[in-house]
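Each chain, written out:
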Number of protein chains: 2
Amino acid sequence: MSSYDDSFDKLDDLSIVDSLVQLSFLIQNILARIGAEHDLSIIQIRLLGILRDREPGMLQLAKHLGLDKSSITGLVDRAQRRGLVERTVSPADKRGFNVRATAAGWQIIHEVGEQIERQITEVTAGLTESERAQTIALASKILITAPGASR
Amino acid sequence: MSSYDDSFDKLDDLSIVDSLVQLSFLIQNILARIGAEHDLSIIQIRLLGILRDREPGMLQLAKHLGLDKSSITGLVDRAQRRGLVERTVSPADKRGFNVRATAAGWQIIHEVGEQIERQITEVTAGLTESERAQTIALASKILITAPGASR
DNA sequence: ACTAATAAGTTTGTAATACAAACAATATAG
DNA sequence: CTATATTGTTTGTATTACAAACTTATTAGT
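The name an unreviewed UniProt entry gives chain A is MarR family transcriptional regulator, with Paenibacillus phytohabitans as the organism.

What follows is the structure, given as structure tokens:
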């Protein structure tokens with residue numbers, strides 16, 4: 001059992017494991033598809049997502065994304081090359097940079113954000129208002145329970 | 001709004017979008033972490049997951065995984081090199097192979113499957129029995145609503 | 001103030017993942 | 001029996017990710 005398999009599956013009679021795993025793939029596929037429309041991978045979306053309310057240094061980015069610092073260099077390089085992001089020298093530390101979204105970056109952040117909003121709203125359109133509230137409550141409860149929560 | 005960002009987030013007052021996105025990252029992180037313990041990526045886990053109840057050809061694998069056929073060659077190659085999987089010549093079609101799990105592959109499938117079962121059960125341990133049932137029902141309803149469902 | 005240890009990022013080398021276009025071999029249709 | 005379609009691999013390219021070594025700047029210790 002336990003279909004962590006994501007593919008053509010009968011949706012009846014799912015276990016809690018199957019239902020959460022499949023739901024997670026559904027959401028991730030939505031993110032990936034929207035990203036693809038803007039030539040962004042999920043990790044690039046997450047990068048921009050972080051820059052919505054922060055201007056972190058490279059190490060902080062690594063921590064947020066759960067990646068090695070050496071992975072961040074290239075990630076930011078590629079986003080920078082596309083003009084979505086820029087490095088600004090940290091005033092207090094001449095080694096460090098802060099990373100922040102450019103105007104073009106903000107443009108994409110908003111577009112992608114709206115599309116995510118819309119499409120996830122769409123897949124939950126079959127729920128009643130009360131079911132939507134239940135979903136939020138249950139998801140939050142699971143997230144709180146989880147060690148390290150969303151990380 | 002809409003924190004498709006996965007990181008250190010306040011979990012109060014989430015929208016339906018945020019809660020589902022964060023939940024999906026939580027689940028995917030669990031899968032990734034368990035995979036890593038066995039030196040498997042999520043895509044390799046999915047490959048093995050498919051082989052639990054099928055012996056598909058390469059093109060069918062591509063369809064199941066939503067990848068180009070050219071991506072499957074390497075994916076199966078690497079799994080085969082590790083002895084988890086084997087190609088068997090299709091009797092009806094001398095061009096085609098069927099892919100199936102080896103004994104070592106089944107071993108991993110079971111171990112990984114049990115760990116996923118256990119750890120997802122764990123993060124839902126804070127739910128009551130009735131909440132667990134609700135979660136399944138709501139997730140299923142969302143999965144059914146979604147176009148192409150789990151794909 | 002000066003050296004030693006730390007910290008912030010980058011570089012280098014390696015591997016997995018993914019695609020697209022071109023290709024080989026077999027199968028099927030007309 | 002030739003033309004076409006199908007199955008899978010190959011080749012070339014880009015992204016993602018890590019670990020170890022390295023550079024430069026910062027901080028501690030004496």
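### Let's talk about the overall build of chain A
Along its length, chain A carries six helices and two strands. Expressed as a percentage of the 151 residues in chain A, the buried residues total 38%. Relative to all contacts within chain A whose residues are 6 or more apart in sequence, the contacts with residues 24 or more apart total 39%.

### Description of helix α4 (residues 69-81) of chain A
Note that an α-helix has 3.6 residues per turn; residues three or four places apart therefore point the same way. Residue and element names in this part refer to chain A. Over its 13 residues, α4 extends 19 Å from the first C-alpha to the last, a length consistent with the 18 Å expected when each residue adds 1.5 Å. When we look at burial in α4, the residues that qualify are Ile72, Leu75 and Ala79. Taken end-on, α4 shows its buried residues confined to a sector of 70°, consistent with a single buried face. Those residues of α4 that are exposed and aimed more than 90 degrees away from the buried face are Ser70, Thr73, Gly74, Asp77 and Arg81. One or two residues past the end of α4 sits Gly83, with phi positive at roughly 75°.

### Description of the packing of helix α1 (residues 16-37) of chain B against helix α5 (residues 103-123) of chain B
Residues and elements named next belong to chain B. Contact geometry for α1 and α5: axes closest at 10 Å, N-to-C directions at 145°. Crossing of α1 over α5 shows right-handed handedness. Along its contact with α1, which presents Leu26, Ile30, Leu31 and Ile34, the element α5 presents Val112, Gln115, Ile116, Gln119, Ile120 and Val123. For the contact of α1 with α5, the per-class residue count stands at eight nonpolar, two polar and no charged.

### What to know about the environment of Asn98 of chain A
Residue and element names in this part refer to chain A. Within the element layout of this structure, Asn98 appears in strand β2 (residues 97-101). Residues Asn98 and Glu55, spaced 43 residues apart in sequence, show a C-alpha to C-alpha distance of 5.6 Å. If sequence neighbours within four positions are ignored, Asn98 has contacts with Glu55, Pro56, Gly57, Thr88 and Ser90.

### Concerning the protein's contact with DNA strand C
Residues in close proximity to DNA strand C total 25 residues, the closest being Gly57, Ser70 and Gly96 of chain A together with Ser41 and Asp68 of chain B. Broken down by element, the residue count for the surface near DNA strand C peaks at five residues, all from helix α4 (residues 69-81) of chain B.

### Here's the deal with the packing of helix α3 (residues 58-65) of chain A against α4 of chain A
Residues and elements named next belong to chain A. Where α3 contacts α4, the two axes come as close as 9 Å, and the packing angle between them is 105°. Taken as axis vectors, α3 and α4 run roughly perpendicular relative to one another. Of α4, the residues touching α3 (which contributes Met58, Leu59, Leu61 and Ala62) are Lys69, Ile72 and Val76. Each residue belonging to the contact of α3 with α4 can be placed in one class, and the counts come to six nonpolar, no polar and one charged.

### Details of the protein's contact with DNA strand D
In the vicinity of DNA strand D there are 25 residues, among which Ser41 of chain A together with Gly57, Met58, Ser70 and Gly96 of chain B approach most closely. Secondary structure elements with two or more residues in the surface near DNA strand D: α2 (42-51) and α4 of chain A together with α3 (58-65) and α4 of chain B. The leading source of residues in the surface near DNA strand D is α4 of chain A, at five residues. Counted by class, the surface near DNA strand D contains seven nonpolar, ten polar and eight charged residues.

### Brief notes about the UniProt feature "domain: HTH marR-type" (unreviewed entry) in chain A
With numbering aligned to this structure, UniProt lists the feature "domain: HTH marR-type" (unreviewed entry) at residues 13-144 of chain A. As a span, residues 13-144 of chain A carries 68% helix and 8% strand, and end to end its C-alpha atoms are 26 Å apart.

### Looking at the environment of Val99 of chain B
Residues and elements named next belong to chain B. Topologically, Val99 is positioned in strand β2 (residues 97-101). Between the C-alpha atom of Val99 and that of Pro56, which follows or precedes it by 43 residues, the distance is 5.7 Å. Contact partners of Val99, with chain neighbours within four places excluded, come to Leu51, Glu55, Pro56, Met58, Leu61, Val76, Val85 and Arg87.

### Here's the deal with the confidence of the model for chain A
Scored by pLDDT, chain A has a mean of 91; 89% of the residues are at 70 or more. Considering each helix and strand of chain A separately, the mean pLDDT is smallest for helix α6 (residues 129-145) of chain A, with a value of 95, and largest for α2 of chain A, with 98.

### Some details on unusual backbone geometry
With a phi close to 60°, Asp39 of chain A is a non-glycine residue in the positive phi region. Its location among the elements puts Asp39 of chain A in the loop between α1 (16-37) and α2.

### Quick word on the environment of Ala137 of chain B
All names here are of chain B. Structurally, the position occupied by Ala137 is in helix α6 (residues 129-145). The class of Ala137 is partly exposed, set by 14 C-beta atoms lying within 10 Å. C-alpha of Ala137 to C-alpha of Ala79: the two residues are 58 residues apart in sequence and 35 Å apart in space.

The rules we used
Residues numbered from 1 in each chain as written. Chains lettered and ligands numbered in written order. Predicted model: local features only at pLDDT ≥ 70, side-chain atom pairs only at ≥ 80, totals over all residues. Helix = DSSP H or I, 4+ residues; strand = E, 2+ residues; numbered from the N terminus. Buried ≥ 20, exposed ≤ 12 C-beta atoms within 10 Å, placed from the backbone. Contact = placed C-beta atoms within 7 Å. Expected span 1.5 Å × (residues − 1). Arc of directions from axis to C-beta. Axes fitted to C-alpha atoms, helices over the stretch in contact; angles between N-to-C directions. Left-handed = near helix turned anticlockwise from the far one by under 90°. Nonpolar A, V, L, I, M, F, W, Y, C, P; charged D, E, K, R; others polar. Near = placed C-beta within 6 Å. Parallel < 35°, antiparallel > 145°, perpendicular 65-115°, else oblique. UniProt positions renumbered as here; feature names shortened; annotations may be inferred. pLDDT = per-residue confidence, 0-100.

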